[in-house]
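Secondary and tertiary structure notes
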Amino acid sequence: MESQATTHQSARERPALLRLLDVTVRYAEYCALDSVSLELPLGVTTAIMGPSGCGKTTLLRCAAGLLQPHAGSVELLGVDLARAPDREVTRLRRQMGFVFQHGALWQNMTVRENLLLPLEIHRDELTPAQRRRTVERIAERFDLTHLLHLRPAQLSGGGQKLVAYVRATVLQPRVLFVDEPTTFIDTQAAEVLRSDLRRRIASGCTVVAVTHDAELTALMANRLVVLERGRVLINDRTERVVRTGEPRVHEILRDVLSEAALYDQDILTLLDAGLATDDEPVGHDDAGHDYD
Amino acid sequence: MTVLLERLGARTRRVAGSFVYAAGFAIEVARQLVLFFFGKRPALRVLTLQILFTGVEALAVIAVLSLSLGAVVIIQGLSLLPQFGQAALTYTVLVVVITRELGPILTGFIVAARSGTAIATELGTMVVNREIEAYIATGVNPIAYLVVPRLIGVTVSVMLLNVYFNVFGLAGAFFVSRPTAGVALWEYVTQLGAVLQVRDLLGSALKSAVFGVIIALVSCHHGLLVEQSSTEIPQQAIRAVSRCFVLLIVVNAGLTLVYYL
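In this report, we go over the structure that sits alongside the text. (Residues numbered from 1 in each chain as written. Chains lettered and ligands numbered in written order. Predicted model: local features only at pLDDT ≥ 70, side-chain atom pairs only at ≥ 80, totals over all residues. Heavy atoms only, no water.)

**Thoughts on the overall build of chain A**
Helix and strand counts for chain A come out as eleven helices and twelve strands. By residue count, 57% of the 292 residues in chain A fall in the buried class. Across chain A, contacts joining residues at least 24 apart in sequence account for 68% of those joining residues at least 6 apart. Accessible area for chain A stands at about 12700 Å²; split by element, carbon and sulfur atoms hold 48% of it. (Helix = DSSP H or I, 4+ residues; strand = E, 2+ residues; numbered from the N terminus. Buried < 20%, exposed > 50% of the residue type's maximum accessible area, 1.4 Å probe, protein only. Contact = heavy atoms within 4.5 Å. Areas by Shrake-Rupley, 256 points an atom, 1.4 Å probe, with all protein chains shown as cover.)

**With respect to helix 1 (residues 2-38) of chain B**
The first and last C-alpha atoms of helix 1 of chain B sit 54 Å apart over 37 residues, in line with the 54 Å expected at 1.5 Å per residue. Residues B:Phe25, B:Val29, B:Gln32 and B:Phe36 constitute the buried set of helix 1 of chain B. Buried residues belonging to helix 1 of chain B abut helix 3 (86-94) of chain A together with helix 2 (44-54), helix 6 (142-181) and helix 8 (198-225) of chain B. (Expected span 1.5 Å × (residues − 1).)

**Observations concerning the interface of chain A and chain B**
The partner chain B presents 19 residues to the 24 residues of chain A that form the contact. Contact with chain B buries area across many residues of chain A, yet A:Trp106, A:Asn108 and A:Ile121 alone supply 27% of it, more than any other trio. Here chain A and chain B share two salt bridges between them. Residues A:Arg61 and B:Glu133 are paired through a salt bridge, measuring 2.4 Å at the closest nitrogen-oxygen approach. Summed over the shared surface of chain A and chain B, the number is six residue pairs in polar contact (both at pLDDT 80 or more). For the side of chain A that touches chain B, the elements supplying multiple residues, two or more each, are helix 2 (56-63), helix 3, strand 6 (96-99) and helix 4 (111-122) of chain A. (Buried area = accessible area lost by both parts, 1.4 Å probe. Salt bridge = Lys/Arg side-chain N within 4 Å of Asp/Glu carboxyl O. Polar contact = N/O pair within 3.5 Å; in protein donor to acceptor, adjacent residues only side chain to side chain.)

**Let's talk about the packing of aromatic side chains**
As enumerated under the stated definition, the model contains twelve aromatic pairs over all chains in all. Here B:Phe109 and B:Phe245 contribute two aromatic rings whose centre-to-centre distance is 4.7 Å and whose plane-to-plane angle is 40°, an arrangement assigned as tilted. Taken together, the residues B:Phe109 in helix 4 (residues 90-128) and B:Phe245 in helix 9 (residues 232-260) connect sequence positions 136 residues apart. Using a relative accessible area of 22% as the deciding quantity, one classes B:Phe109 as partly exposed. Clustering of aromatic rings is evident, with ring pairs tying together B:Tyr91, B:Phe174, B:Phe175 and B:Tyr188. Just above the ring of A:Trp106 sits the side chain of A:Arg167; from NZ or CZ to the centre is 4.2 Å. Here the guanidinium or amino end of B:Arg114 rests over the ring plane of B:Phe53, the centre of that ring lying 4.7 Å away. (Phe/Tyr/Trp six-rings, centres within 6.5 Å; stacked < 30°, edge-to-face > 60°. Lys NZ or Arg CZ within 6 Å of the ring centre and 35° of its normal.)

**Overview of the sheet that holds strand 5 (residues 79-80) of chain A**
Residues and elements named next belong to chain A. Pairing is antiparallel across the open sheet formed by four strands, whose spatial order is 2-1-4-5. The outermost strands of the open sheet, each flanked by one partner alone, are strand 2 (30-41) and strand 5. Sheet analysis places strand 1 (residues 16-27) next to strand 4 (residues 71-76), joined by five bridges and oriented antiparallel. Directly across from leucine 21, in strand 4, lies its bridge partner serine 73. (Pairing = 2+ DSSP bridges.)

**Re the pattern of salt bridges**
Residue and element names in this part refer to chain A. In the structure shown here, the tally under the stated rule is 23 salt bridges over all chains. With its nearest N and O atoms 3.5 Å apart, the salt bridge here joins arginine 19 to glutamate 75. Of this pair, arginine 19 sits in strand 1 while glutamate 75 is found in strand 4, placing the two residues 56 residues apart along the sequence. Here aspartate 34 makes a salt bridge to arginine 231, at a shortest N to O gap of 3.3 Å. Taken together, the positions of aspartate 34 in strand 2 and arginine 231 in strand 10 (residues 231-237) put the pair 197 residues apart, joining distant regions of the chain. Given a relative accessible area of 46%, arginine 231 falls into the partly exposed group.

**A closer look at the environment of A:Val135**
Residues and elements named next belong to chain A. Checked against the element boundaries, valine 135 lands in helix 5 (residues 128-141). Relative accessible area serves as the criterion here: at 1%, valine 135 is assigned to the buried category. Along the chain, valine 135 and threonine 145 lie ten residues apart, while their C-alpha atoms are 9.2 Å from each other. In contact with valine 135, not counting residues within four places along its chain, are Arg112, Leu115, Leu116, Leu119 and Leu148.

Structure (structure tokens):
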């Protein structure tokens, strides 16, 4: 109840990034999302958490318009992706990035071609040489230059994940959906990724992440959505979730976060320590103007 | 009885649903095909690769097959037809069998077996690996980027392979008729030219174009029907090829009928 009230309050305060209304998704007999209604504000970093198989990835795919729900509606930045005309959808896609859990790199292309395609589609004002230079510059930042000529199958799982992240962010999206961004990658690469995410969030990019990474959640998530068996258990500011009286929420957070990373720390204390504090990061409206 | 009716109803709904889906798929492909010729074409690379795989890499198989079949047809014609006093029909039979019938249909079969399975498997794998979703997330329409170039590539390839099949089939016939019946090259070409009409060539080209469209659409459709599991990929590939074979034979019969109307 509390979460719904907060959701409506947020909606009045800032434009909505995402509105899901009674969304149901089924895989054969299995109900992955069960009448989920959810609203996430623009400019707020959100972490979606929950036990395995609770519908986190399905929720993220629905939110990004990659999966058509069996019932209900999804609006991203005020646009119903299922009904909007092609041009509107393409305009919206230009502003968003999606990092898949297993990378989903295009196997028939090299790493360079994977990174070039978004630029070819959306930045046709650039010459081919400029696009190549852009890719090389970004690859250098992520220490991927030596991998540019390889095919995704020739990369390690972590390498693929990093390339997938770079591909999703090559267009400098306003909204970034990330599914388990730091799994499969080594500590050093995870730190590069976290630091890039921090930089993006600071510059106004809205991040919605499915994650089991306690550090990532603690450092970045202003809002937590906790799912269980295809239903939203709570959707609120991080500090309110941490202090909620719901024992089941605590149980899930402890299980999910400690299972993945920090075995000996009190995760909730970490979250509560004020690392992810207020629901008031820098954002911008539809026209791209900054607002507080 | 009720259970039987329920099952029948469910099956009817499923079949009707899949027809509606296939029709919607075909309409979307047609729309994107028009846009392909008038819009940006980042999919030219996919088109080139498709022609390379479907057309160029099939040349050797087609050459062997058409040379052998041309030889067989002329041997049968030269040995059987004179017994009925119809030796003059040998070249007509050759044109009917090689140019009008075997050229388009066998080229279609070979392309369906090679490229049809490859397309269905490749697209199915892309679905399972979420690569198709990655295209959508990037703002790339998968129909425009993956299906349309394959449709054009396969159609152009089948048409060109059909011409190639005809050249090699008729050449194979000559290579055999010369040592067995002492037919000189000039005589062979003159006789063939006398019976080969523009109508035959156009009919053959039309058939191969239609077959190319069928193979590409059916294979892409089945590849994209894969939902989640990698075990669905070979199932859909097999369905794609068997459906291609059936459709090619049925449509070939229809087009042959139209030819003689």
